[in-house]
Amino acid sequence: TIKACLFDLDGVLVDTAVYHFKAWRRLAQTLGIDFTEHDNERLKGVSRVRSLEIILEIGGQTLPQEQMLALCEQKNTEYLLDVAQMTPEEILPGVVDFLKALKAEGIKIALGSASKNAQLILERTQLLPYFDAIIDGRHVTNGKPDPEVFLKGAEALGVTPQECVVFEDAVAGVEAAKNGDMLCVGVGQPEVLTQADVVEKDLTQMSVARLRELEQK
Ligand code: B16
Ligand code: MG
């Protein structure tokens, strides 16, 4: 039986991708790289340093490690200015009702995000009190599709992977869930998230009853 739900952050609970894009685009401009919204799709769910590597790849550039870390710092400083302005109004549709329903049923809730700013974002949007555990970019060494972030989440909650459902919007995140032998609800388009057990466009149709159906899969 399902005892826990593990949520990705960006693209599932909130849309921070718009702020990541803004900050990365500005940084790319200073490097003379034309970084488009289409390119930004490739950054979803991947770590900060890996994001910069992808942008440099797009521009056909390479930089020494030290300089890359400095640029990541610079991007993050700018990104955090937008995060500081976030409010609960930016929580995606269906999220709060679903989290409340899970709490009422005693189903545990954890975060499994690549972001090192996850805790801050949960605070700004007032989602933090719903979470029994937070596993994010500060706690993992292997990014998605490695299942580390979700396996650590299950461990922190004291449940087995088979008792978990993961909610993910990124292909690599869905893969991470499946690599961890967990059920996965894809949030986005079925044509994209082909490995997910079921795909929803957002969390508005999610309920404890839907979870129980998923259990039969
Ligand atoms: P940070 P998620 C991911 O969040 C974003 O989708 C990805 O674009 C970003 O690069 C990554 O977090 C790292 O974020 O720079 O804040 O550490 O989808 O895993 O919740
Ligand atoms: Mg995501």
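Each remark here, short or long, concerns the structure printed above.
So, how was this worked out
Residues numbered from 1 in each chain as written. Chains lettered and ligands numbered in written order. Predicted model: local features only at pLDDT ≥ 70, side-chain atom pairs only at ≥ 80, totals over all residues. Heavy atoms only, no water. Helix = DSSP H or I, 4+ residues; strand = E, 2+ residues; numbered from the N terminus. Buried < 20%, exposed > 50% of the residue type's maximum accessible area, 1.4 Å probe, protein only. Salt bridge = Lys/Arg side-chain N within 4 Å of Asp/Glu carboxyl O. Near = heavy atom within 4 Å. Polar contact = N/O pair within 3.5 Å; in protein donor to acceptor, adjacent residues only side chain to side chain. Areas by Shrake-Rupley, 256 points an atom, 1.4 Å probe, with all protein chains shown as cover. Nonpolar A, V, L, I, M, F, W, Y, C, P; charged D, E, K, R; others polar. Phe/Tyr/Trp six-rings, centres within 6.5 Å; stacked < 30°, edge-to-face > 60°. Donors = N, O, S within 2.8 Å, 3.2 Å for Na, K, Ca; no water. Core = buried A, V, L, I, M, F, W, Y, C linked by side-chain atoms within 4.5 Å. Contact = heavy atoms within 4.5 Å. Pairing = 2+ DSSP bridges. Axes fitted to C-alpha atoms, helices over the stretch in contact; angles between N-to-C directions.

Draft legend 1. Highlighting unusual backbone geometry. Following Lys144, the chain continues into Pro145 via a peptide bond in cis, with omega recorded as 15°. Looking at the element boundaries, Pro145 is found in the loop between strand 3 (133-135) and helix 7 (148-157). Phi angles above zero are rare outside glycine, and Gln126 is one such case at about 60°. With respect to the element layout, Gln126 can be found in the loop between helix 6 (118-124) and strand 3. Judged by relative accessible area, which is 56%, Gln126 ranks as exposed. Backbone geometry at Asp181 places phi at a positive 60°, although glycine is not the residue there.

Draft legend 2. The pattern of salt bridges, seen in detail. Counted by the stated rule, this structure contains 17 salt bridges. Ionic pairing is found between Asp82 and Lys22, a salt bridge with its closest N-O pair at 3.0 Å. A residue pair is termed long-range when its members are at least 10 positions apart, and Asp82 in helix 4 (residues 65-83) and Lys22 in helix 1 (residues 17-30) qualify at 60 residues. The class of Asp82 is buried, set by a relative accessible area of 16%. Given a relative accessible area of 37%, Lys22 falls into the partly exposed group.

Draft legend 3. View of the site of ligand 1. Residues in close proximity to ligand 1 total 18 residues, the closest being Val46, Ser113, Ser115, Lys116 and Asn117. Asp8 places a side-chain nitrogen or oxygen 2.9 Å from an oxygen atom of ligand 1. The contact in question runs from an oxygen atom of ligand 1 to an N or O atom on the backbone of Val46, over 2.6 Å. The fraction of the free accessible surface of ligand 1 (470 Å²) that becomes covered by protein chains is 98%. Along the lines of polarity and charge, the residues of the shell around ligand 1 split into five nonpolar, seven polar and six charged.

Draft legend 4. Here's a closer look at the packing of aromatic side chains. Overall, the coordinates contain four aromatic pairs when judged by the stated rule. Here the aromatic rings of Phe7 and Phe98 are separated by 6.1 Å at their centres, their planes lie at 75°, and the arrangement is edge-to-face. Of this pair, Phe7 sits in strand 1 (residues 4-7) while Phe98 sits in helix 5 (residues 95-105), and the two are 91 residues apart along the sequence. Between the aromatic rings of Phe21 and Phe35, the centroid separation amounts to 5.6 Å while the plane-to-plane angle is 45°, which identifies the pairing as tilted.

Draft legend 5. Structural detail: the coordination of the magnesium ion (ligand 2). Protein coordination of the magnesium ion (ligand 2) is provided by Asp8 (OD), Asp10 (O) and Asp169 (OD), with donor distances spanning 2.0 to 2.2 Å. One chain supplies every donor to the magnesium ion (ligand 2), and in sequence these donors are spaced D-x1-D-x158-D. Look at Asp8 and you get buried, because its relative accessible area is 4%. In this structure Asp10 comes out as buried when scored by relative accessible area, which is 15%.

Draft legend 6. Fine view of the nonpolar core. Grouped together as the largest cluster of nonpolar side chains are 38 residues, with contacts concentrated most on Phe7, Leu13, Leu102, Phe131, Phe167 and Leu211. It is helix 5 that contributes the most residues to this core, four residues altogether. With residues up to four places along the chain from it excluded, the contact list for Phe131 reads Phe7, Leu13, Leu99, Ile109, Ala110, Leu111 and Leu122. Core analysis: the next-biggest nonpolar cluster, separate from the first, contains 20 residues, Leu6, Leu157, Val166 and Ala176 among them.

Draft legend 7. Inspection of the sheet that holds strand 1 at higher detail. In space, the six strands of this open sheet follow the order 3-2-1-4-5-6, with parallel pairing throughout. Among the strands making up the open sheet, the edge pair consists of strand 3 and strand 6 (198-200). Averaged over all adjacent pairs, the angle separating strand axes in this sheet is 25°, with direction ignored. In the sheet, strand 4 (residues 164-168) pairs with strand 5 (residues 183-187) via four bridges, with the strands oriented parallel.

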